[in-house]
Amino acid sequence: MTPKRNNAVLRVVTKQIIPMILLFALYVQFHGEYGPGGGFQAGVIFAAGFVLYALVFGLDLASRAMPARALFRIAPLGVLLFAGVGVYSLLKGYAFLDYTAIDPHDPVHAQHLGILIIELGVGLTVFSVLLLIFYAFAGRRRADSLTHKDMG
Amino acid sequence: MSEHALLAIDAVLLVILLTTAIAIARQRNLFAAAMMTGLFSLTLACLFVLLDAMDVAFTEAAVGAGISTVLMLGALALTEYRDHPTSRGQHTLALLLCVAVGALLMLAASEWPALGDPTTPVHQHPITAHFLEQSQQEIDLPNVVTSVLSSYRGYDTLGEVTVVFTAGLAVLILLLGVRKESNNEDDA
Amino acid sequence: MNLGLINGYAAVALLMTGLYIVLAYDNPIKRLIGLSIFQAAIFVLYISMGRIAGGTAPILAEGFEHYSHPLPHVLILTAIVVGVAMLALGLALIVRIYEEYGSIDEQHILELEREPDA
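Because the structure is predicted, anything quoted here is derived from the model rather than measured.

When you go through chain B residue by residue, the secondary structure sums to 8 helices and 0 strands. Relative to the 2.2 N^0.38 estimate, which gives 16 Å for 188 residues, the radius of gyration of chain B is 22 Å and therefore markedly larger than a compact globule would have. In terms of its C-alpha atoms, chain B occupies a principal-axis envelope of roughly 60 × 50 × 30 Å.

Encoded structure:
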């Protein structure tokens, strides 16, 4: 994907907007308990910020900002966090994914902690998987030598 | 908002959804079809907001109008933009089948509860009261959807995260396993 | 006709439109779009079932008595995310098929397969 040259407005506006998008994604992630939001929405919005960056500035710069190698490690980390909480509960003698194992003296606090951790895991996995899928599609050259001008 | 105003806006949004779906069906240029799918998702998100489903509207807007459109355009850039014509017979057969099944389903739909009816089993079941009232004592989170998603139905969410991860893994194996532009093996 | 049933009728109409796109067209990307429309119809159905008159979104707040049911929201949230994962996987398969056969037209690929030196 080659960046276009004559899009000064797009570049300037994108540079202003992307930090707000990422901040909004973090807000949605951690305020998902008090308003609409949660891990899935936050992961998608965070990925959308990087997709916007790749669309305007090119895939090379985006790959340098968030390399695929890092994403390969973040995606399983999210699933591991989620399942890890469950296994931790098992090891403590409670049922799988029973959050009272985190803090047996205060179950409500334990629920809050457990939900926070698993939503973080969900957000990490959704963000990294969606961005990796985008990198895979965007970084691929066409197999034949047609360009966009040749197609309908 | 009164129920009449809500039903009016609801009807308008449903008409837009149906028109967009029919337009997508008749569209031969797939680029335009992908764009119209983005429009479809955004209208669907508006409909969800009207029906008091905030979390769902959020997700549908972000996922449907954002990521889905980008992925479709990426796939279209790698394949073809035009649709090959199919035979008249295939269209007629499909239309007949869909009209027949649709008629049967509409007959069934006339028995379904009206929008917002509080006497349906969905609202009368004791689990509803449990989610909406007991969750205050047990979890104490204002967003009941989050508490149901993460705590009461946590297994489903674990399965969902695993599905997303597996799909990403499969896409990576498919698209990064064999590179066309270089002869080196991927060493990630 | 009871006006509260329009959501059900519209969901059925969308369902049949999606099914028509899958059946009547050969292009696999178009059929995936039809499948997405099919899924959207199911979402409309579920969310309509969860709504209660005079209620609000299931976020507990002062001054509200009725809330729409949270469980359909949870199910549809899962379904939306799984749907986009399925879309991504389907599109990746289509891209690979195109690279292997040079076309995504089903009839063309079957002809290529039938030739002995494909």
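Contacts between chain B and chain C engage 80 residues on the former and 72 residues on the latter. Ranked by residues supplied to the side of chain B that touches chain C, first place goes to helix 3 (residues 54-78) of chain B with 13 residues. Here the side of chain B that touches chain C is built from residues that sort into 53 nonpolar, 15 polar and 12 charged.

It is the contact of helix 2 (residues 30-50) of chain B with helix 2 (residues 28-50) of chain C, at a shortest axis distance of 11 Å, that shows an interaxial angle of 5°. It follows from the interaxial angle that helix 2 of chain B and helix 2 of chain C lie roughly parallel. For the pair helix 2 of chain B and helix 2 of chain C, the contacting residues are L30(B), A33(B), T37(B), F40(B), L44(B), L47(B) and F48(B) in the first and I29(C), K30(C), I33(C), S36(C), A40(C), V44(C) and I47(C) in the second. Across the contact of helix 2 of chain B with helix 2 of chain C, the residue classes tally to 11 nonpolar, 2 polar and 1 charged.

So, on to the interface of chain A and chain C. Often, the extent of an interface is quoted as the loss of accessible area on bringing the components together. In this assembly, 5 residues from chain A lie in contact with 6 residues from chain C. Split into classes, the residues belonging to the side of chain A that touches chain C amount to 3 nonpolar, 1 polar and 1 charged.

This part is about the environment of Q111(A). The residue Q111(A) is located in helix 5 (residues 107-138) in this model. With 23 C-beta atoms counted inside 10 Å, the residue Q111(A) sits in the buried group. Residues Q111(A) and A68(A) lie 43 residues apart in sequence; the distance between their C-alpha atoms is 34 Å. Not counting chain neighbours up to four residues away, the residues in contact with Q111(A) comprise Y99(A), E138(B), I139(B) and S151(B).

The next thing to look at is unusual backbone geometry. Although it is not a glycine, D52(B) adopts a positive phi angle of roughly 65°. Along the chain, D52(B) turns up in the loop between helix 2 and helix 3.

Before going further, it helps to examine the environment of L175(B). Relative to the elements of secondary structure, L175(B) occurs in helix 8 (residues 154-176). Judged by the 24 C-beta atoms lying within 10 Å of it, L175(B) falls in the buried class. Setting aside chain neighbours within four positions, we find L175(B) in contact with A136(A), R140(A), A92(C) and V95(C).

All names here are of chain B. When pLDDT is averaged along chain B, the result is 88, and 94% of the positions lie at 70 or above. When the elements of chain B are averaged for pLDDT, helix 5 (residues 121-124) gives the smallest value, 82, and helix 2 the largest, 95. Considering only residues more than four positions removed or in separate chains, one finds that residues 183-188, a stretch of pLDDT under 50, has 4 contacts. Interface confidence for the predicted complex, given as ipTM, is 0.91, next to a pTM of 0.90.

What counts and what doesn't
Residues numbered from 1 in each chain as written. Chains lettered and ligands numbered in written order. Predicted model: local features only at pLDDT ≥ 70, side-chain atom pairs only at ≥ 80, totals over all residues. Helix = DSSP H or I, 4+ residues; strand = E, 2+ residues; numbered from the N terminus. Rg over C-alpha atoms; globule rule 2.2 N^0.38 Å. Contact = placed C-beta atoms within 7 Å. Nonpolar A, V, L, I, M, F, W, Y, C, P; charged D, E, K, R; others polar. Axes fitted to C-alpha atoms, helices over the stretch in contact; angles between N-to-C directions. Parallel < 35°, antiparallel > 145°, perpendicular 65-115°, else oblique. Buried ≥ 20, exposed ≤ 12 C-beta atoms within 10 Å, placed from the backbone. pLDDT = per-residue confidence, 0-100.

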